[in-house]
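# Structural features, examined
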Amino acid sequence: MILCLVDGDPVSLEALTFARGLGDVEALMFEETDVDGYTAHARRVVHPLLGDYAPEAWAHAIVELEPEVVVAPGTDRGHEVLAHVAARLGVPLAANVVAAAADGDALQLTRQRWGGSLLEEARLTGTPKLLTVAAHAVVAQSAGVTTTTEEFTPSLTDEHFVVQVSGREQPTAGTVRLDTARVVVGGGRGVGSKEGFELLEELANLLGGTVGGSRVVTNLGWRPHSDQVGQTGARIAPDLYIACGISGAIQHIVGCKSAKRILVINKDQNAPIVARADWAVIGDLHEIVPAIVAELRKNGT
Amino acid sequence: MCVKRVPETGARITLTGDAQAIDTSLLGFTISPHEECAVEEALRIVGEHGGSTTVLTLGPPGAAEQLQNAMAMGVENAVLLETDGSDWNAEATAAALADAIRAQPEPFDVLLFGNEGADTGDYQVGVRVAHTLGLPCVTGIKGIAIEDGKLTARREAGGGWEIFELPLPAVVTVKEGINLPRYASLPGRLRAKKTPIARIEPQPRASALETIRLVVPPEQETHVEILAGGADAAPRVVEVLRELGLV
């Protein structure tokens, strides 16, 4: 059995699409997610003790099904749950896989190192084979099949709930999430100051998007770390990424390379990020961004 | 806390001739970013609650440099699990660390890791050590508070936060952003140089996940269109935004 963990994050549908390439897949759902069309078989995990997310309980349910292959999204939860499964069973976990092909009983894998700026080709043997799929490595696509869902009740006890989400803080109403925004306006050292980001905020607001930053900017305290785009921050995949005053270190590029289009505003035409862009405006962002904002307002946006 | 020595990569990664490793002949080394925050968090916790800190790393003899960096920040004790410099898999690394942690003379309350190594990105060593030691564990944490023998951990989720409560002792893997690591002071550096490092020789073991080779992904060069004129390009930018359906 090939099992695919569906954790409520939209990236789960990418993992499900990826897993179909390995054979018939069963989706294992702990939270209500619409997987209709993505797979013929789905199991919804039900148990009186099962409330909010509990990594060891989720891992136990997977172990109990004795799968041959487990695929999970490359999210905090996907990595955490499969690490628990791997530790319990004493088998490897291949994290952030971008390609997999059967080779007899083994799997030939390509996985990300260095956040994706380096790839590793590897061979995975043994059972079960555990892998997470790198976010945005594949495009989620329905298979157009009818999905039959049945319930599955694992044998969970209190010991599986020592670690469990015990509270939540909801995001402030009206905030646009960095990882799902259609437009992200990113700022780097070239923005010059904390206050300089007000310009970027204005542009992002006009476009219904949100602001992100490079590692330099979050380390300087100009933006909170939650705004960081890059290897140690968020991996984004917006329709448009507007990179302002960002030179484009590889650690930043791996965070934004899944953007469908990139518009660069930079003083230096030779900055590495320009080679990754679809469009570039060369010059001072402190003049260019206000000019774009003024033009948008003139057009009644 | 457990840290990892990683090369400071520049704008491009270059591989060795056999494609088994990064060519580090021209590179400096550092503590992997999430783990540098683990060091800072350990010092912050001890500053608030008292106690002492020990840093462990598995790596080549040169990894003593990263242990000294941690000691220069204020960590008291250091243990080097010395290897021949080859890449160890996550299972072997976790087993060796768990053995070394069990052999420590003092019991501990909190065991910190980075969420994932900057280089191999395996996302699992902390969880494996927790299982071996029979301890509760949570990963990807960006906030820790300790009160009444209980650890409260915060993780970013869906633009908000989810909160976990763990009994001590506990294993926590942290992410950059939990704090801003302090700089080492000069007296700290001098003291670190004089402090002895405990050394252990761990035994490697094979994994069913075997690296064949490393590959630098091809550059995704795009055809960049320069919108000329600096600020005068604004109307053309808005045209592009309109073509993309964003205005």
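None of the values given here were measured: they were computed from a predicted structure.

Turning our eyes to something else, we now look at the overall build of chain B. Along its length, chain B carries six helices and 14 strands. Buried residues in chain B amount to 49% of all 247 residues. Put simply, of all contacts in chain B between residues at least 6 apart along the chain, 68% involve residues at least 24 apart. If you sum the accessible surface of chain B, you get close to 11300 Å²; carbon and sulfur atoms cover 51% of it.

With that out of the way, let us pick up the environment of A:V185. Residue placement: A:V185 occurs in strand β11 (residues 183–187). Residue class for A:V185 comes out buried when judged on its relative accessible area of 0%.

Opposite the 82 residues of chain A that make contact, chain B presents 80 residues. Summing both partners gives a buried area of about 6900 Å² for chain A against chain B, and 57% of it is carried by carbon and sulfur. Area buried by chain A at its contact with chain B is led by A:W114, A:E121 and A:W279, which between them contribute 11% of it. At the surface where chain A touches chain B, the tally comes to nine salt bridges. Between A:E80 and B:R155 there is a salt bridge, and its shortest N-O distance comes to 3.1 Å. Remark: the boundary between chain A and chain B carries 34 residue pairs in polar contact (both at pLDDT 80 or more). Sort the elements by how many residues they give to the side of chain A that touches chain B and helix α3 (residues 76–89) of chain A lands first, with nine residues. Tallied by class, the residues present in the side of chain A that touches chain B amount to 35 nonpolar, 25 polar and 22 charged. Looking at chain direction, strand β7 (residues 118–124) of chain A and strand β13 (residues 209–215) of chain B are connected through six bridges and run antiparallel. Looking at the pairing, A:L124 lines up with B:L209 of β13(B).

As a further point, take helix α4 (residues 125–133) of chain B. Within α4(B), seven of the nine residues are buried, leaving the element largely enclosed by the surrounding structure. When we look at burial in α4(B), the residues that qualify are B:V125, B:G126, B:V127, B:R128, B:V129, B:A130 and B:L133. Structurally, α4(B) contributes buried residues whose contacts are with α3 and β5 (93–103) of chain A together with α3 (90–102), β6 (110–114), β7 (137–141) and β11 (170–174) of chain B. Phi for B:G134, located one or two positions after α4(B), is positive at around 70°.

All names here are of chain A. Sheet topology places strand β2 (residues 25–29) next to strand β3 (residues 41–45); four bridges connect them, and they run parallel. Counterpart to L28 in the pairing with β3 is R43. When β3 meets strand β9 (residues 148–152), the two strands line up parallel, connected through five bridges. Considered in β9, the bridge of R44 is made with E151.

Let us look at the pattern of salt bridges. The tally for this structure, following the rule as stated, stands at 35 salt bridges over all chains. With a shortest N-O distance of 2.7 Å, A:R111 and A:E120 are connected by a salt bridge. Assigned by exposure class, A:R111 and A:E120 land together as buried. Linking B:E243 and B:R236 is a salt bridge whose minimum nitrogen-to-oxygen distance equals 3.6 Å. The class of B:E243 is exposed, set by a relative accessible area of 57%. Three or more residues joined by partner-sharing salt bridges are found here, namely A:E31, A:D52, A:R77, A:E80, A:R168, B:R155 and B:E162.

Residues of helix α6 (residues 234–243) of chain B that are buried: B:A234, B:V237, B:V238, B:V240 and B:L241. All buried residues of α6(B) project into a common sector of 155° when viewed along the axis, lining one side. Contact partners of the buried residues in α6(B): β13 (240–244), β14 (261–266), β15 (279–282) and α7 (285–298) of chain A. Looking one or two residues beyond α6(B), the residue adopting positive phi is B:G245, at roughly 75°.

Peptide bonds are mostly trans, and most non-glycine residues show a negative phi. Residue and element names in this part refer to chain A. Of the consecutive residues T127 and P128, the connecting peptide bond is found in the cis state with omega at -10°. Relative to the helices and strands, P128 resides in the loop between β7 and β8 (129–133). Here W114, not a glycine, exhibits a phi torsion of approximately 50°, which is positive. If you trace the backbone, W114 turns up in the loop between β6 (106–113) and β7. Given a relative accessible area of 5%, W114 falls into the buried group.

We now examine the confidence of the model for chain B. Scored by pLDDT, chain B has a mean of 95; 99% of the residues are at 70 or more. Two numbers describe this predicted complex: its pTM, 0.94, and its ipTM, 0.95.

Taken in spatial order, the six strands of this open sheet run β12(A)-β11(A)-β13(A)-β14(A)-β15(A)-β14(B), and their pairing is parallel. Each end of this open sheet is capped by a strand with a single partner; those strands are β12 (210–213) of chain A together with β14 (225–226) of chain B. Alignment of β11(A) against β13(A), held across five bridges, turns out to be parallel. Opposite A:G186, over in β13(A), you have A:A243 as the bridge partner.

Rules of the game
Residues numbered from 1 in each chain as written. Chains lettered and ligands numbered in written order. Predicted model: local features only at pLDDT ≥ 70, side-chain atom pairs only at ≥ 80, totals over all residues. Heavy atoms only, no water. Helix = DSSP H or I, 4+ residues; strand = E, 2+ residues; numbered from the N terminus. Buried < 20%, exposed > 50% of the residue type's maximum accessible area, 1.4 Å probe, protein only. Contact = heavy atoms within 4.5 Å. Areas by Shrake-Rupley, 256 points an atom, 1.4 Å probe, with all protein chains shown as cover. Buried area = accessible area lost by both parts, 1.4 Å probe. Salt bridge = Lys/Arg side-chain N within 4 Å of Asp/Glu carboxyl O. Polar contact = N/O pair within 3.5 Å; in protein donor to acceptor, adjacent residues only side chain to side chain. Nonpolar A, V, L, I, M, F, W, Y, C, P; charged D, E, K, R; others polar. Pairing = 2+ DSSP bridges. Arc of directions from axis to C-beta. pLDDT = per-residue confidence, 0-100.

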